[in-house]
Each structure stands twice: as structure tokens, then as C-alpha cells.
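Breakdown of the fold
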Amino acid sequence: MDKTQPVGIFDSGLGGLTVATHLYKEMPQESTIYVADQSRVPYGPLPKETVARYVIEICDFLVDQGVKAIVIACNTATAAGLETAQREIKVPVIGVIKPGSRMAARTTRNKRVAVLATEGTTKSQAYPNEIKSLLPGAEVFGQACPRFTELVEGGMKDPKEIDAAVAGYLKNIENAGYDTLVFGCTHYPLLKDYIEARTPAGVEFVNPAVETVEDLKKVLAGKDLLNDSGVSTRVYYTSGNTATFREIASMIIGLTPAQAQAMDIRRVDWKIS
Ligand code: DGL
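Remember, predicted model here, so these are calculated numbers, not experimental data.

Here leucine 226 lies in the loop between helix H10 (209-222) and strand E9 (234-238). According to the relative accessible area criterion, leucine 226 is partly exposed, its value standing at 30%. Each C-alpha atom of the pair leucine 226 and alanine 73 lies 19 Å from the other, and the pair is 153 residues apart in sequence. Those residues in contact with leucine 226, other than ones at most four positions away along the chain, are Lys3, Met27, Gln29, Glu30, Lys68, Lys217, Leu220 and Ala221.

What follows is the structure, encoded as C-alpha cells:
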């Protein structure tokens, strides 16, 4: 393994860019390959076994591209496929749920935590299990927000529609008394302003991306694999439409039109199965 090899990052779509952005900021020296599986987004409603299969397929693709580690920048994919990937893939694979749970357990003062996530992640109970093991007696309120992924993938064009969706979901947990809210889906930090506006004052927000990137740093440092060559590249793959990816991704990452034009975006075809 060579220090200059890239780090692979993937998500069902654009949400993982919230993790990538954090990685770019904290570890700018690392080269990255980002995969957005947009031909099959959303993963949220899919059976666990299907998502686990996609995880292995994308990890295999990233290993073929020569990555030295992989970040599953998707909670649904982490819940469904992290364990299998860590068993079967020959490079370190890092998920977002354990780091996010650690942050939540550290943040809450009243042991009441809300987790907004997809149906798949919510059903898996991965967050409650993890948070309660770290913080016995904690209460975790899971709320599935399937519309959020669609709204982000669509480019977050209609503020009224977003606000209505946010209001609807948060109403279900309005009496839960939580003091900490976890973005349990990597798409959701992109709706933070809307979510914050509908959340009781004083609630702390947890973005698992922060500690996930710390975990990556530790894993790479432990294997003496931090890139110190001074040269880094960013490559993006989508299984969907490259023009749409360019338009919305460059907005999320905050690129100028010229930088957006220069993004290295390639198309990958997964067998639709
Ligand atoms: N961004 C993903 C997550 O963190 C999933 C969204 C979806 O594909 O449903 O769970």
C-alpha cells in the first residue's frame, strides 16, 4: 500500500458530499474518489440484503481503482453492509454510525436523543443500539424522513416544500424532549437551516461526518498511510447523470462555475439488479 493512493468515499447519491466536504477541509492532502450511486438512489426503502450487495459492489469497484481505505458516507449502507465489507474488503472500511453515536452520547445532557434517518437505518435500530451501549439509560427517538433524500437529490429547489416536509417529520417527535439531534443520513445536513428552524431552542446538532473523518485520520496514521506527497486529486463517479451531478454537487461543495467545469466526473454503470 502506498501513501499517495486515494481514499474512496461513497453514498447512494449526493449526501456523502457532506462527509467529503469535511474530509477535504480536515485532510486536504488526501486524494479522493467519490462514488454517487444515483441510478439506484434512494437506498432507504430497499431491503438490507440489497443494500449490502451494493456496498460490496461499490467497495470492489473502489479497490479496483486503487484506494487505500474506504469511507461509507451513507448511514443506510453502513447499517446494512459495514460488517460484511469489513470482513470481505481488503482495505480498511469506515462507517458513519459508530462515530455519530459516540458524538451523540458525548453531546446529550438529558440522555434523550433524536435521530433523523432513512427507513432502512431507522428500522435497523443501529443508532439506538450503539448509543445505548455507550450511554446506558439513554432514550433514542428515531424518525424516518424519506422525503429529505428526494429533496436533496432534486437540488433543494423549493423552500416551501422542504419546510413542509421538515415540519411534518419533526411534529412526530415534538414531545420527545430531546436535547440532541443526530443527522442520521448524510443528505440531511444539507437541510440543516430548515431543520434548525423547526427544532426547539437549545437542541445540539450532531453531524457524524466530523468524527468519521477523525476515525479515518487515526486509521491512516496508524498504518503510516497519510499522504505527505503534497499532491492530491479529486475524482467523482456517478451511476446517474453526470450533468446533474455536476450542477448539484458543485453547489453542495461550493465551487465557482469554472471549478465546477473542471470537476473530473466519470460515469460508472452498475448492473441494475
Ligand atoms: N445518504 C444516505 C444515508 O446516509 C441514504 C439516502 C438514501 O439513499 O435513502 O443514509
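Right, let's talk about the sheet that holds strand E8 (residues 204-206) for a bit. Sheet strands pair via backbone hydrogen bonds, and the direction of the pair is either parallel or antiparallel. In spatial order, the strands read E6-E5-E7-E8; together these four strands make up an open sheet with parallel pairing. The strands lining the two open edges of the sheet, one partner per strand, are strand E6 (139-144) and E8. Within the sheet, the average angular offset between the axes of one strand and its neighbour, ignoring direction, is 25 degrees.

Attention now goes to the sheet that holds strand E1 (residues 7-11). Here we have six strands laid out as an open sheet, ordered E4-E3-E1-E2-E9-E10, and parallel in their pairing. Edge positions in the sheet fall to strand E4 (93-94) and strand E10 (264-267), since each of these pairs with one other strand and no more. Sheet topology places E9 next to E10; four bridges connect them, and they run parallel. Residue tyrosine 237 lies in a different strand from E10, and its bridge partner there is arginine 266. Strands in contact with helix H1 (residues 17-26) are E1, strand E2 (32-36), strand E3 (69-72) and E9; relative to E2, the strand with the most contacts, it is inclined by about 170 degrees. Helix H2 (residues 48-64) contacts E1, E2, E3 and E9 of the sheet and is inclined by roughly 150 degrees relative to E1.

Let us look at the site of the ligand. Lining the immediate environment of the ligand, one finds 14 residues, of which Ser12, Tyr43, Asn75, Thr76 and His187 sit closest. Asparagine 75 is positioned such that a nitrogen or oxygen atom in its backbone is 2.8 Å from an oxygen atom of the ligand. One of the side-chain N or O atoms of threonine 76 is found 2.6 Å from an oxygen atom in the ligand. About the coverage of the ligand: the protein hides 99% of its 300 Å² of free accessible area. Here the residues of the shell around the ligand are counted per class, giving five nonpolar, eight polar and one charged.

The rules we used
Residues numbered from 1 in each chain as written. Predicted model: local features only at pLDDT ≥ 70, side-chain atom pairs only at ≥ 80, totals over all residues. Heavy atoms only, no water. Helix = DSSP H or I, 4+ residues; strand = E, 2+ residues; numbered from the N terminus. Buried < 20%, exposed > 50% of the residue type's maximum accessible area, 1.4 Å probe, protein only. Contact = heavy atoms within 4.5 Å. Pairing = 2+ DSSP bridges. Axes fitted to C-alpha atoms, helices over the stretch in contact; angles between N-to-C directions. Near = heavy atom within 4 Å. Polar contact = N/O pair within 3.5 Å; in protein donor to acceptor, adjacent residues only side chain to side chain. Areas by Shrake-Rupley, 256 points an atom, 1.4 Å probe, with all protein chains shown as cover. Nonpolar A, V, L, I, M, F, W, Y, C, P; charged D, E, K, R; others polar.

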